[in-house]
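Observations on the three-dimensional arrangement
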Amino acid sequence: MKKLLLVLVSFVLVLGLGACKKANEDIVFNWNIGADPATLDPSLNGASDGGDVINQTFEGLVREINGVVQPGIAESWEVSGDGRTVTFHLRESNWSDGTPLTADDFVYAWKRGMDPATASEYSWIWEYTNVVGANDAVYNGGSLDDVGITAIDDYTFEVQLINPTAYFVSLMAFYHFMPVKQSAVEAAGGEDGLWAKDPELVVSNGPFVLTEYNIGEGLVLERNPEYWNADVVGIDVIQGKFIDDESTAYAAYNAGDLDFIPSVPSAEVPILIAESDEFYVFPLLGTYYYSFNMDKDGDGVNEGYDQDGLFSNATLRTALSMSIDREAICEAAGAGQVPAAGFVPPGFLDNEGNDFFLTAGTYGVAADDSAYAAAVTLFAQAASELGMTVAALQAELETQELLYNTSEGHQMIAEMVQEMWASNLGFTMPLANQEWAVFQDTRSAGDFEIARGGWLTDYMDPSGLLSIFGSTNSYNDPNYYNAAFDTLLAESQATTDAAVHFDKLYAAQEMFIGDMPIIPIYHYTDTMLVKDYVEGWARSVLGSVDFSQATINK
Amino acid sequence: MRSYYVKRFFSAIFTILIIATITFFLMRMIPGGPFTRERQVPDEILAALNARYNLDDPLFIQYLNYMKGLVTFDLGPSFRILGYSVNDLIREGFPTSAKIGILATILIVSVGIPVGIISALKQNSPIDYFVMFMATLGVTLPSFVIATFIIYFFAGQLGWIPSNGLNSPLAYIGPTIALSGYSLSFVARLTRSSMLEVLRQDYVRTARANGISEFKVIGKHALKNALIPVITYIGPMIAAILTGSFVIEKVFALPGMGGYFVESVTNRDYTVIIGMTVFYAAFYIIMVFLVDIAYSMIDPRIKLSS
């Protein structure tokens, strides 16, 4: 026993020696990134955790800070009269290895991103850029040489678009469009984006540069002296942690080991909202909803009851949507979510500077239970349209299924909806849940009656949400096929007139909610907990954090 | 004797190949794939991704290629953690899991067995009742409850130990206790009941009647036989504990390999699933083999032969 004790003591001592920390006067910022990112290569990344790190280590043409697009590597840019040519004037800047960064680096990075041989899972984003030839290159094996991007000279970068695209410049802040250096990407041992995780190989151009990476544990970023705007960078070292468990991260935050955590245990949210001035709730540009399956027989046409079942009936869909107390659901979900009447969340400004969400209004979809009586009337009307009695309709609804992917949060909301329908419309729809990859398969195969959905926009325009319900869009889960809606979307994209653009989008959402192919539930929010001594941190409206100008004032 | 070892060796290889095969085909039968995302990847891009990882070959060809790699200890690339192979993940994660696992095993053996013996010798005394109460508690409390409690109370409220990671010696305390809780209690109970049974045997009575000191009776004669069921349990337990626990590593934010056992299934990261399963299976088989050798050393009546 004594020997054992001796072994234990010496073991502990050895560990202790290794863990001694050296004195450090650098300004150190402790950040919980969350899960260990799959990759830190801008062109390959497809996840928000990786995107958050890349936003610190790379700099795109522009940088979006708190909703304002600021010059990044592009000093200035101009859009041609027809809206189809965008010319970026790059500043003279360096990579972290001291070599100059030129327009060719953008051309290389972009073509690499869209090249099917790179197999970037986010290459579909090119579809939304409207860059000439990009869609062909990504989807149809088109040549990369035909893509409309050109390095006119070292510091002039020109992009050809098939349509005027109002949000194009703001989209350039997104990680997929950041430059990468060819020699770093192709360095031996850096295959599959590994170069971006290897401190020996990584070359970047952002405020910080990676100096340490430990799988499953964390990473270290240090100030990049070659960053063009290095003067504004206030932090010397970022200690990034990969703590996946929210309770653990929360305990570490309270113990003072972390200065910034991206999410907190949901049980803590109500207390934090009420009591903490370190807790932030931001709108997240997306919507939680349920899709009705409007094409049950899967033939690509919305037909009547005989072919496509109950949810072919618009009156029934509306009655069900109106029989939901969204405020109660938001309160139960408890993170400051906003009840959704339409599909476009708060946060998008239209051509007159008004919030799209507020201007669009509620289309008679009440946030609380005030439309319940109207819903009952509609429900009876739906029954007669379907040629059945109310009792028969109720009985048939009890044979349908509400499907969600397995999670406590989704289950709670599904149960609330089930209860609301039961109390107001008199039927209890069975609930079903599937493990999420299985659920995805089921949903995209159209093998459901009602299924949960969620969508976040990728760019700062309401079309980033509405366009997923276009007839040919692969995310059109309700299988909503409406040519008039498609036309409105196409018209909104084809115009250079911002007023027309937004008019068409308002009309499109109104038509969409009039048809009610989905039940909008709420608009997402994003929460974070930040020590009060961290100053100058920012967040892009699309949800990426930005520490380029942050500092610590203890 | 040697032919026995050879036979065991080949049956172990055979078992591992069967396990790899079953895992390979079972995982492919589940809907979804490694590139199933919250946002569905368009078909054309999915095709490019599948081509990149040779997932577009016929299933049987993929199986043959995988098995070819497996026999040369090449477990293939992870589909989710870009640029890393399964070998990398094990090489990076196993040392952390093993460190905690070894500490937990030491704790389990050095506390569980003595406590079980004392409890058996003092049967129906207050000590016995207390030990059995604690052991029942330890067996029934799930490890995540113990882990969360340790973090909340000792790290969060009292600040005695770090809340995450393994950057100081104190940081090992929480994970070790949480990881050993169940097995420690189980070993204590097992030792106690097995000891009680042995103490009732005739040869123990004979030894006592011959006037051998109580210390010798317990230490030399009773303990050896009482430990056989305990060793049977501890062998495979070591394999399980050293390869990491999903819950413990997640709660304490440890960079071990335990998380891969669960995450790889959710992610449909096929190669990681098979790699982890095979690694654990090989470990398990080795431990069972060591247990058999230990039997023959403790009890001369047990002979290793086919």
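Fair warning: this is a prediction, and the values are worked out from it, not measured in the lab.

Across its full length, chain A carries 20 helices and 23 strands. A compact globule built from 554 residues should have a C-alpha radius of gyration of about 24 Å, and chain A, at 26 Å, falls within 12% of that. Expressed along its principal axes, the backbone C-alpha trace of chain A runs to roughly 80 × 75 × 40 Å. Here chain A holds 554 residues, and 56% of them are scored as buried. In chain A, once contacts between residues fewer than 6 apart in sequence are set aside, the share between residues at least 24 apart is 69%. For chain A, the accessible surface area stands at approximately 21,400 Å², while carbon and sulfur atoms represent 51% of it. Looking at charge distribution, chain A has the averaged site of its 22 positive side-chain charges lying 10 Å from that of its 82 negative ones.

In this section: the overall build of chain B. Of regular secondary structure, chain B possesses 12 helices and zero strands. Along the chain direction, N to C, the helices and strands of chain B fall in the order α-α-α-α-α-α-α-α-α-α-α-α. Along the longest, intermediate and shortest principal axes, the C-alpha atoms of chain B span 85 × 60 × 30 Å. The buried share of chain B, taken over its 306 residues, is 48%. Carbon and sulfur atoms form 69% of the exposed surface of chain B, whose accessible area is close to 15,000 Å². Measuring between centres, the 24 positive side-chain charges of chain B sit 12 Å from its 17 negative side-chain charges.

Our next topic: the packing of aromatic side chains. Under the defined criterion, the tally for this structure stands at 68 aromatic pairs over all chains. For the cation-ring pair, A:Lys531 lies above A:Tyr253, with the distance from its terminal atom to the ring centre recorded as 3.9 Å. Over the face of the ring belonging to B:Tyr53 we find B:Arg52, whose NZ or CZ atom lies 4.8 Å from the ring centre.

A few words now on the pairing of strand β9 (residues 156-160) of chain A. Residues and elements named next belong to chain A. Most of β9 is tucked away: four of the five residues are buried. Here five bridges tie strand β5 (residues 85-90) to β9, and the two strands are oriented antiparallel to one another. Considered in β9, the bridge of Thr-85 is made with Gln-160. In this structure, strand β8 (residues 149-153) lies alongside β9, joined through four bridges in antiparallel fashion. For Thr-150, the partnering residue across the bridge sits in β9 and is Glu-158. Here β8 folds back onto β9, and the loop between the two strands holds two residues.

A few words on the interface of chain A and chain B. Taken together, the contact between chain A and chain B spans 52 residues of the former and 43 residues of the latter. Of the roughly 4,200 Å² buried where chain A meets chain B, counting both sides, 60% is carbon and sulfur surface. The tally of links from chain A across to chain B stands at three salt bridges. Between A:Asp192 and B:Arg52 there is a salt bridge; the shortest N-O distance is 2.6 Å.

Of all hydrophobic cores here, the largest spans 142 residues; its most connected members are A:Phe88, A:Trp110, A:Phe157, A:Phe343 and A:Phe547. Top element by residues in this core is helix α3 (residues 103-114) of chain A. It accounts for seven residues. Shared between two domains, this core takes at least three residues from each, and those domains are domain 1 (28-242 + 531-552) and domain 2 (283-526) of chain A. Here A:Phe547 is in contact with A:Phe29, A:Trp31, A:Gln56, A:Phe208, A:Ile238, A:Phe260 and A:Trp537, once residues within four sequence places are set aside. Formed by 52 residues, the second largest nonpolar core is a distinct cluster that contains B:Ile117, B:Ala120, B:Leu242 and B:Leu254.

The next subject is helix α2 (residues 43-52) of chain B. Residues and elements named next belong to chain B. What α2 keeps buried is the set Ile-45, Ala-48 and Leu-49. Looking straight down α2, one finds that the buried residues subtend no more than 95° of arc, so they occupy a single side. Where α2 ends, the next residue or the one after it, Asn-54, has phi of about 55°, a positive value.

Analysis parameters
Residues numbered from 1 in each chain as written. Chains lettered and ligands numbered in written order. Predicted model: local features only at pLDDT ≥ 70, side-chain atom pairs only at ≥ 80, totals over all residues. Heavy atoms only, no water. Helix = DSSP H or I, 4+ residues; strand = E, 2+ residues; numbered from the N terminus. Rg over C-alpha atoms; globule rule 2.2 N^0.38 Å. Buried < 20%, exposed > 50% of the residue type's maximum accessible area, 1.4 Å probe, protein only. Contact = heavy atoms within 4.5 Å. Areas by Shrake-Rupley, 256 points an atom, 1.4 Å probe, with all protein chains shown as cover. Lys, Arg positive; Asp, Glu negative; His and termini not counted. Charge placed at Lys NZ, Arg CZ, Asp CG, Glu CD. Phe/Tyr/Trp six-rings, centres within 6.5 Å; stacked < 30°, edge-to-face > 60°. Lys NZ or Arg CZ within 6 Å of the ring centre and 35° of its normal. Pairing = 2+ DSSP bridges. Buried area = accessible area lost by both parts, 1.4 Å probe. Salt bridge = Lys/Arg side-chain N within 4 Å of Asp/Glu carboxyl O. Core = buried A, V, L, I, M, F, W, Y, C linked by side-chain atoms within 4.5 Å. Domains from an automatic or database assignment. Arc of directions from axis to C-beta.

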